[in-house]
Amino acid sequence: LVLAGSIKVSKRAENGREIRLYSVRPGELCIVTVSCLLGGEPYPASGVAETAIRALALPRPLILRLVAEHPPFREMAFTLFAERLTGLMQLVEEVAFHKLDQRLAAWLLARGPLITLSHQTVADELGSVREIVSRLLKQFEEEGGVRLGRERIEVLSPDTLAKRAAGG
């Protein structure tokens, strides 16, 4: 249970590629952790602190008891499951059905106007590889949509990126 800070939950493939699944923020549980505790299965993802965090580690017997006997906890946990599942389904849809240039343009629009991340971090967020993301960012720069710097992406033309995000 995160009390303060933020944890990035991601899945890494055997080839080293990684995709961000979601973040766990204050007052939230990691649903992957809870599902593993409920099912007694190993943890199939990675959680990495994005900021300094304060959190409570709840043992499996307590989680099971809270789900069985404490309706407010059960409701909070199941509400988080529903929200995260919806987000994960949206992520699957984006990865499966939208081209990377569209996803990257939409991602930049959602996080602009100034993004201070490496191309590798952006690629990880999108479930891609750095080389492809760097190539697309260079194209966006040539089109006047962004200005690139070291660990810096500045959105210059939201309209240009919006057209890309829409598939134009």
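Residues numbered from 1 in each chain as written. Predicted model: local features only at pLDDT ≥ 70, side-chain atom pairs only at ≥ 80, totals over all residues. Heavy atoms only, no water.

Here the focus is the layout of surface pockets. For the largest pocket, the calculated volume is near 520 Å³. Counting residues per element, the ones that place at least two in the lining of the largest pocket are strand E3 (18-24), helix H3 (71-97), helix H4 (100-111) and helix H5 (119-126). With seven residues, the top contributor of residues to the lining of the largest pocket is H3. Classifying every residue of the lining of the largest pocket by side-chain character gives nine nonpolar, five polar and eight charged. Considering only enclosed or pocket space, the second largest pocket measures out at about 280 Å³ in volume. Taken together, 18 residues make up the lining of the second largest pocket; nearest its centre are Leu1, Cys30, Thr33, Leu56 and Ala57. Of all the secondary-structure elements, those providing two or more residues to the lining of the second largest pocket are strand E2 (7-12) and helix H1 (31-39). Examining the composition of the lining of the second largest pocket, we find that three residues originate from one element, H1, more than from any other. A per-class count over the lining of the second largest pocket returns 15 nonpolar, two polar and one charged. (1 Å grid on protein atoms, 1.4 Å probe; cavity = no way out; pocket = protein on both sides within 12 Å on 5 of 7 lines; lining within 4 Å. Points joined across faces, edges and corners; volume = space filled by probe spheres on them. Helix = DSSP H or I, 4+ residues; strand = E, 2+ residues; numbered from the N terminus. Nonpolar A, V, L, I, M, F, W, Y, C, P; charged D, E, K, R; others polar.)

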